[in-house]
Structures are given as structure tokens and as C-alpha cells.
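# Tertiary structure, described
Here's the letter readout for the chains.
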Amino acid sequence: MIFETLAKTGHEEVVFCHNPDAGLKAIIAIHNTVLGPALGGTRMWPYATEQDAVDDVLRLSRGMTYKAAVSGLNLGGGKAVIIGDPNKDKSEALFRAFGRFVNSLNGRYITAEDVGIDVNDMEYVFRETEFVTGVHQVHGGSGDPSPFTAYGTVQGLMAALNVKFGNEDVGRYSYAVQGVGHVGIEFVKLLREKGAKVFVTDINKDAVQRAVDEYGCEAVGLDEIYDVDCDVYSPTALGGTVNASTLPRLKCKIICGAANNQLANDEIGVEVEKRGILYAPDYAVNAGGLMNVSLEIDGYNRERAMRMMRTIYYNLGRIFEISKREGIPTFRAADRMAEERITSIGKLKLPHLGSARPQFMGRKG
Ligand SMILES: NC(=O)c1ccc[n+]([C@@H]2O[C@H](COP(=O)([O-])OP(=O)(O)OC[C@H]3O[C@@H](n4cnc5c(N)ncnc54)[C@H](O)[C@@H]3O)[C@@H](O)[C@H]2O)c1
């Protein structure tokens, strides 16, 4: 059934990587390379079934195509998963074996960190392939992308405030931030620097305490976060938190956070709109991390990265404009903007414009 699935999802290539000596079982999914090489992180997770791993890599890689396209990057969408427990199954051999598979794709896929993988694991991948980003600063990399993701989220937030309230004064509003991990803590720091009222929750009590002690946030219970009387709900932990049971409880006017796949399904996205809540589409808002690692391809430069983050503000503005003009929910407007860019840029490559060197390099022998 795999080709039937790929026909539906639109993937170009899926590679199953197996090295029993190194204990490697991984899948690399390349969704779409019309705009450029497929860039997306590698996730290590103890999937209950192989089907779960396939489903995850297909969903995540497709999401990367849309994120890169809507963000104006010359990148396609791809992602990899390694089946295994990040707390028990990591080894040099595993990551080097994986790196060799990445290398075999000759730059069609470029990897980075995702859930379960850190910069030290990437060092091993880097020994076997150049097609890796998110490596340590000592190798010319850009390190942890989370602060950039948080900064980019604030840019998206400002665009949303502008549409909803007619001003971008982040500090005037109140926020319910769900998840104060790598991105969340940086996000609340930026909000508090502007003087905003910030409510936080997290399953990790230490993380909550840090947000309270260091940044003066107010802690609320895990489930209470949906009932907080606030202007903005910011999902910054898990996906699917805007769903049929939580939506009726939300009192916010805007949903804007860094988590991936915030809407449980498309129907919920339509319902959000009907309730007069402005949804800032997740993959457009949280693209700061991808933008940052993408700059490693031509040589990383922090100043360029910060300028690039600002484009998130304008991208969101365009999405809100399309949504208003076409009378469609913002999540559909974002999809439309991404698909139109892939189609129009893809067509540029269609006519053959000749080249100084003959293109056909095969059949030499
Ligand atoms: N790190 C990045 O640069 C980046 C880029 C794009 C998108 N994202 C997305 O942003 C989100 C956060 O990423 P991160 O890197 O900060 O991850 P993280 O693991 O550092 O932080 C997630 C936090 O959420 C908390 N959490 C988990 N379940 C929770 C629950 N039910 N209720 C409340 N808190 C809960 C965790 O304890 C943790 O502190 C994820 O959805 C991720 O996919 C991250």
C-alpha cells in the first residue's frame, strides 16, 4: 500500500535505512524538492510499531515542505526518523551509520536535530556527511535554534496583534503559554521584557519554577491553561491542543505559539475562525529555527539570521491578507500561499535554457 499512500501525500522518495551491526533502523522521507534540497531534522523515538514511524516521517516531512515554502526559503521538505530509545540506544556507530545513508542521497536531503537528538549526536553524523546543519558553532554551525524560533514567534505574534487589535504592543496583552521548554522559556522571556502578563504551565515543575522565579510569570495547572482569561493562547509544547474539548474553553482572541500541528484537524481550524479567534498558522510562525539552520548552507551569519526572522512578520501579514480577501480560514491561506510558491517557482525551471557545458554526463564508457 506504500505507493498508494505516497500518491496521496505527494512524496518523492522514502528511504529505509538498515544497518543491523550498528542497530540502525531509520527512515528518510523526501517530500518535495521543487524549491531546493529537502531540509528537516532527524527524530529519535521508540515508536510502538514500524507503521507509526512511517506515518510520523511522512507527516513531518510534508510539513517541512510547507514551512520552507511559506517562509520564502529555497528549500524542499524532508525529515528522518530513527527507531529507538534516545535514553538507551544511542551510539557513535548508530549515528555514523545513519550519516552514511544521508550522504548517499548526495544532498537531496540535509539533516538537523529534532526531538531526541542533540548537537553531540550531530557530531557523529557530521563525520560521515557534509549534508548536516544544526552542528556546533565550532564547526561553523549555528547551535541551538530555539532562541531564534522564539524570536520568530514574537514576530508572528506582532503581525497577529496588528490585525486583531490594530497595534503591535506585545506588552499590553496577556498570554497563556503552554510549555516552557527550550522555545517556551525564551518566548516568555521576550514577552516579559516587554512587560506582558504571562501565565505558564508545564509538566516539568522545575521549568515552571524557573519561569516564575526568573521571569515573573504566573503558574497555572496543566489543564487550567485552557480556561485562563487571556488575550493570546500560545501552544509551545505539544501538537493537537486546539481540539473539540479545549476550543470551547478558550477565552483568547488570538492563538499564536511555536508548537507544530496545533489544530487537531481542519474542522477545528474552521471552528476557530467562526468563534472570531485569529489563528496564526503554526508552521509560518515557528519557522525561525529552520531559517536559522538554513543559513549554514552558505556560511552562517547571525546578523543575516536576525534579519531573516523579521520576514515572519511580513509572511504572517500576507497570510492574514489572503484569508480576508478570499474569505478562507488562515490555516488554508497559509497552505495556499505555500502551494502557489511551489507551483510558480517550479514552472521557472521548466524551459531548458541551455548551458555552457553539455548537461548529459552519462554513458562515458
Ligand atoms: N526547538 C525549535 O527550534 C522548534 C522549532 C519549530 C517548532 N518547534 C516546536 O515547538 C514545541 C516546543 O519545542 P521545544 O524545542 O521547546 O521542546 P522542549 O521539549 O524543549 O519543550 C517542550 C516543553 O513542553 C512540556 N510539555 C510536554 N507535554 C506537556 C503538556 N501536556 N502540558 C504542558 N507542557 C508540556 C515539556 O515538559 C517541555 O518543557 C514543539 O512542538 C516543537 O515541535 C520547536
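Higher on the page you've got the structure.
Along each chain, residue indices are assigned from 1 in the same order as the chain's sequence is written. This being a predicted model, a pLDDT of at least 70 is required before a residue's local features are given, and a value of 80 or more before pairs of side-chain atoms are given or counted; all residues contribute to the totals for chains, interfaces and linings. Each side-chain value is derived from all of the structure's non-hydrogen atoms; neither hydrogens nor water enter the calculation.

## Digging into the packing of aromatic side chains
Here is the rule: Two rings from Phe, Tyr or Trp (for Trp, the six-membered ring) form a pair when their centres sit within 6.5 Å of each other. Planes less than 30 degrees apart are called stacked, planes more than 60 degrees apart edge-to-face, and all others tilted. Each helix is a run of DSSP H or I of at least 4 residues and each strand a run of E of at least 2, with the numbering of both proceeding from the N terminus. As a reminder, the over-ring test applies to NZ of lysine and CZ of arginine, requiring each to be within 6 Å of the ring centre and within 35 degrees of the ring normal.
One pass over the full model with this rule turns up four aromatic pairs. Each ring, one from Tyr66 and one from Tyr283, has its centre 6.1 Å from the other, and the planes form 65°; the classification is edge-to-face. Of the two residues, Tyr66 is situated in helix α2 (residues 50–70) and Tyr283 in helix α9 (residues 282–285); the sequence distance between them amounts to 217 residues. Geometry around Phe199 places Lys197 over its ring, the cationic atom sitting 5.1 Å from the centre.

## Things to note about the side chain of Thr133
Condition: Burial classes follow relative accessibility: with a 1.4 Å probe on protein chains only, a residue under 20% of its type's maximum area counts as buried, one over 50% as exposed, and anything between as partly exposed. By the convention used here, residues are in contact when the closest approach between their heavy atoms is within 4.5 Å.
Mapped onto the elements of the fold, Thr133 is located in the loop between α4 (119–128) and α5 (146–165). Among the residues examined, Thr133 registers a relative accessible area of 2% and is labelled buried. Excluding residues within four positions of it along the chain, Thr133 makes contact with Leu39, Ile110, Thr111, Ala112, Glu113, Met122, Val293, Glu296 and Ile297.

## Re the pairing of strand β2 (residues 24–32)
For clarity, the cut-off: Each pair of strands is called paired provided DSSP finds at least two bridges between the two strands.
Within β2, eight of the nine residues are buried, which leaves it mostly tucked inside the rest of the structure. As judged from the seven bridges shared by strand β1 (residues 13–19) and β2, these two strands associate in the antiparallel manner. By the bridge assignment for β2, Cys17 is matched with Ala26. Between the end of β1 and the start of β2, which pair antiparallel, lie four residues, with Gly23 showing a positive phi angle near 70°. In this structure, β2 lies alongside strand β5 (residues 76–83), joined through six bridges in antiparallel fashion. When the bridges of β5 are listed, Ile28 appears paired with Ala80.

## What to know about helix α7 (residues 205–215)
Using the following cut-off: This arc is built from the directions going out from the helix axis to the C-beta atoms. Polar contact is the term for a pair of N or O atoms within 3.5 Å; when the atoms are in protein, one must be able to donate a hydrogen and the other to accept it, and sequence-neighboring residues count only if both atoms are side-chain atoms.
Listing the buried residues of α7 in full gives Ala207, Val208, Ala211 and Tyr215. End-on view of α7: buried residues confined to an arc of 105°, all on one side of the axis. Projecting away from the buried face of α7 at angles above 90 degrees are the exposed residues Lys205, Asp206 and Asp213. Each element contacted by the buried residues of α7 is listed here: α6 (182–193), β8 (197–201) and β9 (218–219). N-cap assignment for α7: the residue whose side-chain oxygen lies 3.0 Å from the backbone N of Asp206 is Asn204. Directly after α7, the chain includes Gly216, whose backbone phi takes a positive value near 70°.

## So, the pattern of salt bridges
Let me state the cut-off plainly: The term salt bridge refers to a pairing of a side-chain nitrogen on Lys or Arg with a carboxyl oxygen on Asp or Glu at a separation within 4 Å.
Inspection of the entire model under this criterion finds 21 salt bridges. For the salt bridge of Arg43 with Asp56, the shortest nitrogen-to-oxygen distance reads 3.6 Å. Linking Arg43 in strand β4 (residues 42–45) with Asp56 in helix α2, this pair joins segments that are 13 residues apart in sequence. The two residues Arg43 and Asp56 agree in class, both being buried.

## Overview of the state of the cysteines
The line we're drawing: Two cysteine sulfurs form a disulfide in these notes if their separation is within 2.5 Å.
Taken as a whole and assessed by the stated rule, the structure comprises zero disulfides. We note that Cys217 lacks a disulfide partner, and the nearest cysteine sulfur, in Cys230, lies 13 Å from it.

## Quick look at the site of the ligand
Keep this limit in mind: Any residue with a heavy atom lying within 4 Å of a molecule or strand is counted as near it. In these tables, accessible area is a Shrake-Rupley quantity obtained with a 1.4 Å probe, and a residue counts as shielded only by the protein chains included in the view. Only Asp, Glu, Lys and Arg are considered charged in this grouping, and only Ala, Val, Leu, Ile, Met, Phe, Trp, Tyr, Cys and Pro are considered nonpolar; every other residue, Gly among them, is considered polar.
The environment of the ligand is formed by 19 residues, the closest being Thr149, His182, Val183, Asp202 and Ala237. Note that an oxygen atom of the ligand is positioned 2.8 Å from one of the backbone N or O atoms of Ala237. Contact with the protein chains covers 74% of the free accessible surface of the ligand, which is 820 Å². Listed by contribution, the elements that provide at least two residues to the shell around the ligand are α5 and α6. In terms of residue class, the shell around the ligand is made up of eight nonpolar, nine polar and two charged.

Function cannot be read off these values alone, since they describe shape.
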